[in-house]
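Listed below, chain by chain, are the residues.
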Amino acid sequence: MADGTRSVRGGSPASSPVLGGGGRATAVAAAGWSSPPGHGFRRVTLTKPTFCHYCTDFIWGLAGYQCEVCNFMSHEKCLKNIKIPCSCVAPSLVRVPVAHCFGSPGHYKRKFCTVCRKSLESPALRCEVCELHVHTDCILFACSDCRQCHQDGHQDHDTYHHHWREGNLSSSARCEVCKKTCGSSEVLSGMRCEWCGILAHAACYIIVAPECTFGRLRNMILPPSCVQLFSRNFSKLHCFRVTENLQTEPDEDDDVDGSTQGSTKDVQISTDSSKQTLKIFDGNDAVKRNQFRLISVPRIAKNEEVVEAALRAYYINDDEQEYELQTFTQQALLSDDVINRNDAVEDSNLSSVFRESVPEAWVIRAKPKDEEVIRIYPAWLKVGMAYVSLRVNKDSTTQTVVKEVLPLLGKQTECLENFKLVEVLMGSKQVQRMVLDSQELILNRLKDIRKTSIRQMNQTRFYIVENNKSIVRVNLLVGGLPPQLSREDYTNILKAELAIKTNVVSVSHVYQAQGAVVLEISCFSEAERIYMLVKDTTINDKPLNVVVIPEVVASKIPQNCCPVLVFVNPKSGGLKGRDLLYSFRKLLNPHQVFELTNGGPLPGFHTFCKVPSFRVLVCGGDGTVGWVLGALEEIRHKLACSEPSVAILPLGTGNDLGRVLRWGAGYSGEDPYSILVSVDEADDVLMDRWTILLDADEPAEGAENGVAEPEPPKIVQMNNYCGLGIDAELSLDFHHAREEEPGKFNSRFHNKGVYVKVGLQKISHTRNLHKDIKLQVDQQEVELPSIEGLIFINIPSWGSGADLWGSDSDNRFEKPRIDDGLLEVVGVTGVVHMGQVQGGFRSGIRIAQGSYFRVTLLKPIPVQVDGEPWIQAPGRIIISAAGPKVHMLKKSKKQKKTGSMKEMRGDMSISEGGR
């Protein structure tokens, strides 16, 4: 993709004549080979076991070849085959600049930094969307080459190429081309497409057909060409709804102390009397923020050698003859004249490196030029990457550049006023675009960028763009509003609380039951203002929440595509939800993965409201599944696909519904890719859902047993079971224990231990429940035996997999099914009986089977529905069928033979790679 780009490179340090006997040019030229893309190799003496980054084999002997910029290590025999570009030229090879989405720092074992290629031993950063891992002080040098997951009006296209990422593969990874091992746990090696997952050697991936088909999961992925999101300055964390940690890494734009930003892992303060350690800044911006890099050079080093070492520290592979170092004292570093780019102050501090009094810091400066060659990229190019090289001088303006470039691009008949020149800064965390004024002098602009930061100049491009009138449309979903209000009422509330401007803000969707609205905003600055203001706003003592919503263009979705909408509850399952969020964002389009603690299920269902066919995967416990199914029931009439099938990845404690649908007793670290394949191959089944009406009577003598005045009748939905008495009382005690110490409830084993503990405390407890309630089934009175608990079950699993109904045949009742429109009523005599049922020694007492139930409570009684317990005041409980049955996905008993999961990720023909 970048042969032309790689060859068009000015003088580089690789051809430096001042390196002495061991220079980069000397090392490579002596071997008779041309320098690989951007690297500057020199022969080094090995002092510890070292592996080749090309072939991953051990380097025997005491000598190897190392790139002085990116630390790429190689055998002498491998030098001629290296295709991986150096970190210094990586920005020039980016096809479409897309910023990364970095979370908070963490510890990542057996991972390597993409920039410096060293192991991530200290806290490091990873992108939440792609497989990029970097050290905290390398983040400034990572190029903006993340996955393009949506169209934002810049270089949009419908054809997607493989998005290759180097390294951090498992040691068992196999190349799709040669079928040999391509991964390594010792070095950064091997290539992986971050869309289809195909794996290949660095020498093999270039023969793979360039177009990506999204692999085995192609029918489950929401194609990026179908998603539109106009985000501009919104953080990537906001765009992908990634929960922000309060202790995040220092931002590029934050004023931080240089001691945290300097490259301290590479260079320590030298104790060798023959060497000195220098503090290097790359421009005024670094001086202002005190962000520096440390280099160690001999005390007798020449100017050129120090300049070259300084450029290497900033991953710049230009000719050192074009740069110079300027010295600054501590007072000069803090001078406003320096920060404000006062040329006189800078020039007065120009000095030689070798002097008796070594200054505290140095600043790299580019020497002034009378003319220069710049690259102009056509923004309308849909496939591939190309640019036009143009020589500019001190009289060249934006207008003259556009005039000269258009004929070279076959647009000589076009009017100049229809085009503009856009400067693009490809930062790792944000891609910034600025339209240049038509009369701006190009050389002056380049000079200003280099004064600000030499590094930023290396990450800056110029695009020629057509003056198409773009339509700005940002969608924000605002939740936490009072429910059941009209569109006009919600608009008035937002006017009063957020001071929204109705000329650029309109309410496009209203979700009355959830108390949420979707705002369509046609002004970026207004959207950003509202987003930040909502986070600090409360209405009726309830905080508002806001989510950036992408727009899915249903007409662009392929006909056979049925994307999966993923909901993850990160608080379920021993906090394994966080890892699953990360994994599913990698395997799918992150715009189809939603965190339930960030606005609930509504943002996901609204995003997919126009998708004609989709499936749902809920990662959480039975309570989470009920939450999602309840939200689906409330808004299904607004969905193009009103009955999506729902799969479960059980993360809770009991996971009874997951057991019944064969998804297992709980998540234990299975490969998320295999889970998605199982969802794709699962069978569609129907399941009954039930509505429970709770109608409390007023107590005869005020509040009794701590029960407050009765609330109005309320309705809850039931999927699994409803319990009264001892069953609900144990759930209530567990619920209270979890509220007191939530940090301890992070594993299923501990949770079950707490259940056992509260159960033992109730073992001698006696409650004559049959005297405190009355039961009607299908309008018929049913006499209750002597029991302590009454349970209505919809599925053949209760209390973490126990069969409460039993398997014995009984002529009085039909064989239970989850779609038969009937509930089974079972009684238990106490804690001992419940323990025997869960141990498989007994079953419950079969009482009735029916479709309509009326329970009369004569006194306050503990009640629980799908694991959510409370004390119900005396009154009536009515249970009846809840509308249409819900479509669920049941894991197939026999997995279809699709070969190895790892091998099927590519699912493409390699024979086309030679095209």
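Below is a short write-up of the structure. As the structure is a computational prediction, the values presented were derived from the model and not from experiment. (Residues numbered from 1 in each chain as written. Predicted model: local features only at pLDDT ≥ 70, side-chain atom pairs only at ≥ 80, totals over all residues. Heavy atoms only, no water.)

Considering the overall build of the chain
Then comes step 1: Of the regular secondary structure elements, the chain holds 24 helices and 43 strands.
Then comes step 2: By residue count, 54% of the 915 residues in the chain fall in the buried class.
Then comes step 3: Put simply, of all contacts in the chain between residues at least 6 apart along the chain, 71% involve residues at least 24 apart.
Then comes step 4: Of the roughly 40100 Å² that the chain leaves accessible, carbon and sulfur atoms contribute 48%. (Helix = DSSP H or I, 4+ residues; strand = E, 2+ residues; numbered from the N terminus. Buried < 20%, exposed > 50% of the residue type's maximum accessible area, 1.4 Å probe, protein only. Contact = heavy atoms within 4.5 Å. Areas by Shrake-Rupley, 256 points an atom, 1.4 Å probe, with all protein chains shown as cover.)

Considering the nonpolar core
Then comes step 1: By size, the foremost hydrophobic cluster in this structure holds 150 residues, and its most contacted members are Phe-584, Phe-605 and Leu-617.
Then comes step 2: Every residue in contact with Leu-617, bar those within four places of it in the chain, is listed here: Val-564, Leu-565, Val-566, Phe-567, Phe-584, Ala-647, Ile-648, Leu-649, Leu-676 and Val-679.
Then comes step 3: Core analysis: the second largest hydrophobic core is formed by 29 residues, Cys-239, Leu-498, Ile-500 and Ile-521 among them. (Core = buried A, V, L, I, M, F, W, Y, C linked by side-chain atoms within 4.5 Å.)

Structural notes on the sheet that holds strand β1 (residues 41–45)
Then comes step 1: Taken in spatial order, the 3 strands of this open sheet run β1-β2-β3, and their pairing is antiparallel. At either margin of the open sheet sits one strand with a lone partner, and together these are β1 and β3 (73–74).
Then comes step 2: Relative to strand β2 (residues 63–67), β1 runs antiparallel, the two being bridged by 5 bridges. Each bridged residue has a counterpart across the sheet, and for Thr-45 the counterpart in β2 is Ala-63. (Pairing = 2+ DSSP bridges.)

What to know about helix α17 (residues 622–635)
Then comes step 1: If you check α17, its first and last C-alpha atoms are 20 Å apart, about what 14 residues at 1.5 Å a residue would give, namely 20 Å.
Then comes step 2: Counting buried residues in α17 gives 10 out of 14 residues, a clear majority hidden from the surface.
Then comes step 3: Of all the residues in α17, the buried ones are Asp-622, Thr-624, Val-625, Gly-626, Val-628, Leu-629, Gly-630, Ala-631, Leu-632 and Ile-635. (Expected span 1.5 Å × (residues − 1).)

Comments concerning the packing of helix α15 (residues 577–587) against helix α19 (residues 672–681)
Then comes step 1: Running from N to C, α15 and α19 point in directions that differ by 65 degrees, and their axes come no closer than 10 Å. Taken together, the axis directions place α15 and α19 in an arrangement best described as roughly perpendicular. The crossing of α15 and α19 is right-handed. Listed contacts from α19 to Leu-580, Ser-583, Phe-584 and Leu-587 of α15 are Pro-672, Tyr-673 and Leu-676.
Then comes step 2: Each residue belonging to the contact of α15 with α19 can be placed in one class, and the counts come to 6 nonpolar, 1 polar and no charged. (Axes fitted to C-alpha atoms, helices over the stretch in contact; angles between N-to-C directions. Parallel < 35°, antiparallel > 145°, perpendicular 65-115°, else oblique. Left-handed = near helix turned anticlockwise from the far one by under 90°. Nonpolar A, V, L, I, M, F, W, Y, C, P; charged D, E, K, R; others polar.)

Some remarks on unusual backbone geometry
Then comes step 1: A positive phi angle is found at Gln-484, which is not glycine, with a value near 60 degrees.
Then comes step 2: With respect to the helices and strands, the residue Gln-484 is situated in the loop between β19 (474–479) and α13 (487–498).
Then comes step 3: A residue is classified by how much of its surface remains accessible, and Gln-484, at 55% relative accessible area, is exposed.
Then comes step 4: Phi at Ala-499 is positive, roughly 55 degrees, even though this residue is not glycine.
Then comes step 5: Within the secondary structure, Ala-499 sits in the loop between α13 and β20 (505–511).

Considerations on the sheet that holds strand β17 (residues 431–435)
To summarise the sheet geometry, strands pair through backbone hydrogen bonds and adopt either a parallel or an antiparallel arrangement.
Then comes step 1: Pairing within the open sheet is mixed, and its 5 strands lie in the order β15-β14-β18-β16-β17. Edge positions in the sheet fall to β15 (388–393) and β17, since each has one partner strand and no second. Each strand of the sheet is rotated relative to its neighbour by a mean of 35 degrees, with strand direction disregarded.
Then comes step 2: Where helix α10 (residues 398–408) meets the sheet, its contacts fall on β14 (371–378), β15, β16 (419–426) and β18 (460–466), and the angle it forms with β15 comes to roughly 150 degrees.
Then comes step 3: In the packing of helix α11 (residues 442–452) onto the sheet, the strands contacted are β14, β15, β16, β17 and β18, and the crossing angle to β14 comes to about 90 degrees.

Things to note about the pairing of strand β34 (residues 773–777)
Then comes step 1: Alternating residues of β34 divide into Ile-773, Leu-775 and Val-777, all buried, and Lys-774 and Gln-776, none buried.
Then comes step 2: Examined bridge by bridge, β34 and strand β39 (residues 852–857) share 5 bridges and lie antiparallel to one another. What sits directly across from Leu-775, in β39, is Val-855.
Then comes step 3: Across 3 bridges, the pairing between β34 and strand β35 (residues 780–782) is antiparallel. Looking at the pairing, Leu-775 lines up with Val-782 of β35.
Then comes step 4: Once β34 ends, the chain turns through 2 residues before running back antiparallel as β35, passing Asp-778 with a positive phi of about 50 degrees.

Digging into the packing of aromatic side chains
Then comes step 1: A complete count under the given rule lists 18 aromatic pairs for this structure.
Then comes step 2: Judged by centre distance (5.2 Å) and plane angle (65 degrees), the rings of Trp-164 and Tyr-205 are edge-to-face. Of this pair, Trp-164 sits in strand β6 (residues 164–166) while Tyr-205 sits in the loop between β8 (199–200) and β9 (227–228), placing them 41 residues apart in sequence.
Then comes step 3: An angle of 70 degrees between the planes, with centres 6.0 Å apart, marks the rings of Phe-281 and Phe-292 as edge-to-face. (Phe/Tyr/Trp six-rings, centres within 6.5 Å; stacked < 30°, edge-to-face > 60°.)

Considering the pattern of salt bridges
Then comes step 1: This structure, assessed with the given rule, holds 27 salt bridges.
Then comes step 2: Between Arg-529 and Glu-526 there is a salt bridge whose closest N-O contact spans 2.9 Å. Residue Arg-529 and its partner Glu-526 are both found in helix α14 (residues 524–534); the two are separated by 3 residues, about one turn of the helix.
Then comes step 3: Given a relative accessible area of 30%, Arg-529 falls into the partly exposed group.
Then comes step 4: The closest approach of N and O atoms between Asp-695 and Arg-876, which form a salt bridge, is 3.2 Å. Pair noted here: Asp-695 is in strand β31 (residues 690–696) and Arg-876 is in strand β42 (residues 875–881), with a separation of 181 residues, a long-range link. (Salt bridge = Lys/Arg side-chain N within 4 Å of Asp/Glu carboxyl O.)

Re the side chain of His-591
Then comes step 1: One can find His-591 in the loop between α15 and β27 (593–595).
Then comes step 2: Exposure remark for His-591: the relative accessible area of 0% places this residue in the buried category.
Then comes step 3: A polar atom in the side chain of His-591 sits 2.9 Å from the side chain of His-150.
Then comes step 4: With near-sequence residues (within four places) excluded, His-591 lies in contact with Cys-149, His-150, Val-227, Leu-229, Cys-239, Phe-240, Arg-241, Pro-550, Thr-607 and Phe-608. (Polar contact = N/O pair within 3.5 Å; in protein donor to acceptor, adjacent residues only side chain to side chain.)

A look at the environment of Gly-283
Then comes step 1: With respect to the helices and strands, the residue Gly-283 is situated in the loop between β10 (275–281) and α5 (284–289).
Then comes step 2: Gly-283 sits 173 residues away from Gln-456 along the chain, and the two C-alpha atoms are 9.4 Å apart.
Then comes step 3: Sequence-distant contacts of Gly-283, defined by excluding residues within four places in its chain, comprise Val-363, Arg-365, Lys-451, Thr-452 and Ser-453.

A word on the pairing of β10
Then comes step 1: Relative to strand β11 (residues 293–298), β10 runs antiparallel, the two being bridged by 6 bridges. Residue pairing across strands places Lys-275 opposite Pro-298, the latter belonging to β11.
Then comes step 2: Bridge count between β10 and strand β13 (residues 361–366): 3 bridges; the pairing is parallel. By the bridge assignment for β13, Phe-281 is matched with Val-363.

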